[in-house]
Amino acid sequence: MSHIIPYWRRYQRLIFTAFAFLFLESFGDLLQPMIVSRIIDQGVMEGALPVVLRLGGLMLLVTLFGAGCAVTRCIISSRVSQQFGADLRLDLYQRINCFSFGALGKRETAALITRMTNDTSQLVSFTHGMMRVFVRSPMLLFGAITMTFVLNPRLGIILLVVVPLIALLMYISMKVGFPLFSKMQEALDRNNGVLREYLSGVRVVKAYNTFDQEVERFDVSNTELAATAIKATRVVGVFFPIISFAANMALVATLWLARGWVADGQMYVGQVVAFLNYMMQITMSLRMIFNVYQMFIRAKASAHRVGDIINEEDLQGLGGHSSSLYGGAVSFENVTFVYPGGGNEPVLKDVSFELPSGETLGIIGSTGAGKTSLVQLIPAFYLPDLGEVKVGGISTSYADVNALRASIAYVAQQNTLFYGTIADNIRMGKPDATMEEIEVAAKAAQAHEFISASPEGYETIIGQKGVNLSGGQKQRIGIARALVRDAQILILDDCVSAVDVETEGAIMRSINMVSPTVVLITQRISSVINLRHILVLEAGRVAGYGNHASLIETCDVYKEIYNSQLI
Ligand code: CTP
Ligand code: MG
């Protein structure tokens with residue numbers, strides 16, 4: 001909970017103002033039964049209409065005052081709690097943005113979404129609840145007891161017996177209930193996880209017709225959730241009636257006792273009525289404490305989960321944005337790399353090569369050879385465990401990642417498009433790109449033709465993840481996004497796989513004309529056959545390095561790939 005406190009502290013003043021209004025509001029609540037008793041004893045019983053009118057007027061004033069305080073407090077607390085939620089969400093969002101690739105890899109997307117949505121909502125409701133209960137409940141509890149003593153000490157003594165009894169019952173129900181509520185929350189999380197996974201993979205499920213298996217999986221977690229929820233609510237269902245019963249029995253007993261006292265003239269009817277009111281206020285405040293405690297348990301679990309994001313220390317890319325400072329040369333010096341948390345088996349072993357600025361490196365190798373892993377070290381998505389990756393002569397371990405990444409355009413193997421227009425998607429590569437620049441980039445990526453063929457051209461809206469485009473069209477927009485960046489180093493990770501060979505040739509020709517340093521991952525020999533630098537990767541090791549002619553002579557792996565693609 002401690003990492004949430006700074007967020008509350010920002011609204012310290014408003015929170016304390018809310019507490020002050022809460023204090024006044026509860027004070028009004030406490031006065032009312034007292035006034036009622038006077039109206040009855042001094043007004044109604046005596047038949048004195050002026051007293052009834054006078055005290056009735058006073059009561060009206062107190063009620064209006066209390067209502068005014070309640071409204072003000074409510075406005076403040078809604079504002080504070082929602083603002084708190086907005087702050088927290090924004091912070092988490094920005095925080096996740098700074099996560100290193102290693103930190104992102106450790107977490108499921110679903111878990112991050114839960115933290116940003118459900119967990120922040122829990123904290124918001126607790127914040128709101130806190131401003132309703134913190135001062136009010138204890139004040140009503142102790143105030144009502146005090147007022148009862150003032151009213152009539154005998155009735156006060158009854159309360160001293162009854163209230164601890166009710167409090168004890170509540171305590172027991174909390175003790176029994178809360179572990180169950182925590183379990184319920186866990187079950188809910190699991191159920192959400194299953195659901196999210198299903199939804200994100202629903203197309204695969206349909207394609208393989210494994211709906212029954214999915215239903216079964218969902219059914220298991222769903223049934224578990226229902227079972228724990230039933231258990232938890234059963235506790236409330238059993239204890240709350242018992243508590244009400246105890247409170248009501250106490251009332252009945254009091255009434256029975258009071259009957260004699262009133263008859264003896266030791267007590268007035270109005271006092272008994274006021275006592276009943278105080279008694280109700282006390283049970284109400286105990287119940288509120290119970291509810292808020294329940295909120296607290298949930299909020300605590302949520303705070304813990306939110307803390308997982310706030311306290312992550314594996315960050316990158318903090319600090320201001322810098323312009324590109326790096327030259328285009330890339331070199332690997334005896335690089336060994338293990339994925340964080342991915343066991344001890346290195347995916348890159350002792351990889352070395354040197355690519356001068358302005359040249360093109362082709363990387364070829366079988367699937368799983370480590371090609372993607374290799375290029376991800378260039379923009380410092382990960383740092384090497386041994387050896388050094390240098391860009392523009394500077395080791396990525398010491399580089400300013402913002403500046404480094406500003407000098408690189410990277411087209412990932414699974415490139416993502418975002419909801420928005422085609423122009424917006426291309427503009428991601430360079431936020432201030434003009435329409436001309438965007439068109440030039442699209443032409444170079446061989447995308448201009450199909451974009452302008454659609455009626456809305458560059459303003460065509462792309463659905464989430466580019467659902468309304470073909471695989472090859474998506475890839476070409478991804479390339480245009482990289483080209484518009486005008487970066488010193490262009491990394492293309494197998495991103496023309498869905499484009500025909502002819503179009504690929506045209507794309508490569510226009511890239512060569514712009515001539516930045518290019519790192520090109522491919523599965524096709526034809527894409528690299530004319531390059532001076534070809535790196536053959538096999539199981540994380542460099543199996544060969546050179547041009548086509550020399551590799552055919554010296555590198556068996558390369559020869560094998562070549563032969564397999566001859567036909
Ligand atoms: N790997 C991993 N953790 C990741 C990504 C990959 O442990 N987050 C491992 C994979 O199991 C694989 C190895 O790293 O054995 C190399 O993966 P990658 O570099 O992605 O291989 P590519 O050569 O890019 O394979 P492909 O042609 O299929 O893209
Ligand atoms: Mg790959």
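Check the entry above for the structure.
Residues numbered from 1 in each chain as written. Chains lettered and ligands numbered in written order. Predicted model: local features only at pLDDT ≥ 70, side-chain atom pairs only at ≥ 80, totals over all residues. Heavy atoms only, no water.

Notes on the overall build of the protein
What the protein contains, in helices and strands, is 20 helices and twelve strands. Against the 2.2 N^0.38 benchmark of 24 Å for 567 residues, the protein shows a C-alpha radius of gyration of 35 Å, more extended than a compact globule. Counting only residues that meet the buried cut, the protein has 47% of its 567 residues in that class. Within the protein, contacts between residues separated by at least 24 positions form 76% of all contacts whose residues are at least 6 apart in sequence. (Helix = DSSP H or I, 4+ residues; strand = E, 2+ residues; numbered from the N terminus. Rg over C-alpha atoms; globule rule 2.2 N^0.38 Å. Buried < 20%, exposed > 50% of the residue type's maximum accessible area, 1.4 Å probe, protein only. Contact = heavy atoms within 4.5 Å.)

Examining the coordination of the magnesium ion (ligand 2)
Protein coordination at the magnesium ion (ligand 2): the donors are Thr-372 (OG1) and Gln-413 (OE1), at 1.8 to 2.2 Å from the metal. Of this pair, Thr-372 sits in helix 11 (residues 371-376) while Gln-413 is found in the loop between strand 6 (408-411) and strand 7 (420-421), placing the two residues 41 residues apart along the sequence. (Donors = N, O, S within 2.8 Å, 3.2 Å for Na, K, Ca; no water.)

Thoughts on helix 14 (residues 435-444)
Within helix 14, the full set of buried residues consists of Ile-438, Ala-441, Ala-442 and Ala-444. Within helix 14, the buried residues cover an arc of 160 degrees as seen down the axis, which keeps them to one side. Along helix 14, the residues that are exposed and aim more than 90 degrees away from the buried face are Glu-436 and Val-440. At its buried positions, helix 14 is contacted by helix 13 (422-427), helix 15 (448-453), helix 16 (471-483) and helix 17 (501-514). Following helix 14 by one or two positions, Gln-446 has its phi on the positive side, about 60 degrees. (Arc of directions from axis to C-beta.)

Points about the site of ligand 1
Taken together, Tyr-339, Val-347, Ser-366, Thr-367, Gly-368, Ala-369, Gly-370, Lys-371, Thr-372, Ser-373, Gln-413 and Gln-523 make up all the residues around ligand 1. One of the backbone nitrogen or oxygen atoms of Ala-369 is found 3.2 Å away from an oxygen atom of ligand 1. A distance of 2.7 Å separates an oxygen atom of ligand 1 from a polar side-chain atom of Lys-371. In isolation ligand 1 exposes 610 Å². Once the protein is present, 62% of that is buried. Looking at the shell around ligand 1, its residues break down into three nonpolar, eight polar and one charged. (Near = heavy atom within 4 Å. Polar contact = N/O pair within 3.5 Å; in protein donor to acceptor, adjacent residues only side chain to side chain. Areas by Shrake-Rupley, 256 points an atom, 1.4 Å probe, with all protein chains shown as cover. Nonpolar A, V, L, I, M, F, W, Y, C, P; charged D, E, K, R; others polar.)

Considering unusual backbone geometry
Of note, Asp-486 is a non-glycine position whose phi angle comes to about 60 degrees, a positive value. Of note in this structure, Asp-494 is not a glycine but carries a positive phi near 50 degrees. Tracing the backbone shows Asp-494 in the loop between strand 9 (489-493) and helix 17. Judged by its relative accessible area of 11%, Asp-494 falls in the buried class.

Looking at the sheet that holds strand 1 (residues 330-337)
Working definition: the strands of a sheet are paired by backbone hydrogen bonds and lie parallel or antiparallel to each other. The four strands lie next to each other as 2-1-4-5, forming an open sheet whose pairing is antiparallel. Strands at the two margins of the open sheet, each flanked by one partner only, are strand 2 (348-355) and strand 5 (394-395). As paired strands, strand 1 and strand 2 are joined by five bridges and run antiparallel to one another. The residue of strand 2 that forms the bridge with Ser-331 is Glu-354. (Pairing = 2+ DSSP bridges.)

Digging into the side chain of Gln-376
Among the structural elements, Gln-376 can be located in helix 11. Gln-376 sits in the buried class, given a relative accessible area of 12%. What Gln-376 contacts, discounting residues up to four positions off in sequence, is Tyr-339, Phe-381, Tyr-382 and Tyr-410.

Observations concerning the packing of helix 2 (residues 12-44) against helix 3 (residues 49-98)
Here helix 2 crosses helix 3 at 160 degrees, and the two axes come no closer than 8 Å. Taken together, the axes of helix 2 and helix 3 lie roughly antiparallel to each other. The element helix 2 and its partner helix 3 pack so that their crossing is left-handed. Split by residue class, the contact of helix 2 with helix 3 holds 22 nonpolar, nine polar and four charged. (Axes fitted to C-alpha atoms, helices over the stretch in contact; angles between N-to-C directions. Parallel < 35°, antiparallel > 145°, perpendicular 65-115°, else oblique. Left-handed = near helix turned anticlockwise from the far one by under 90°.)

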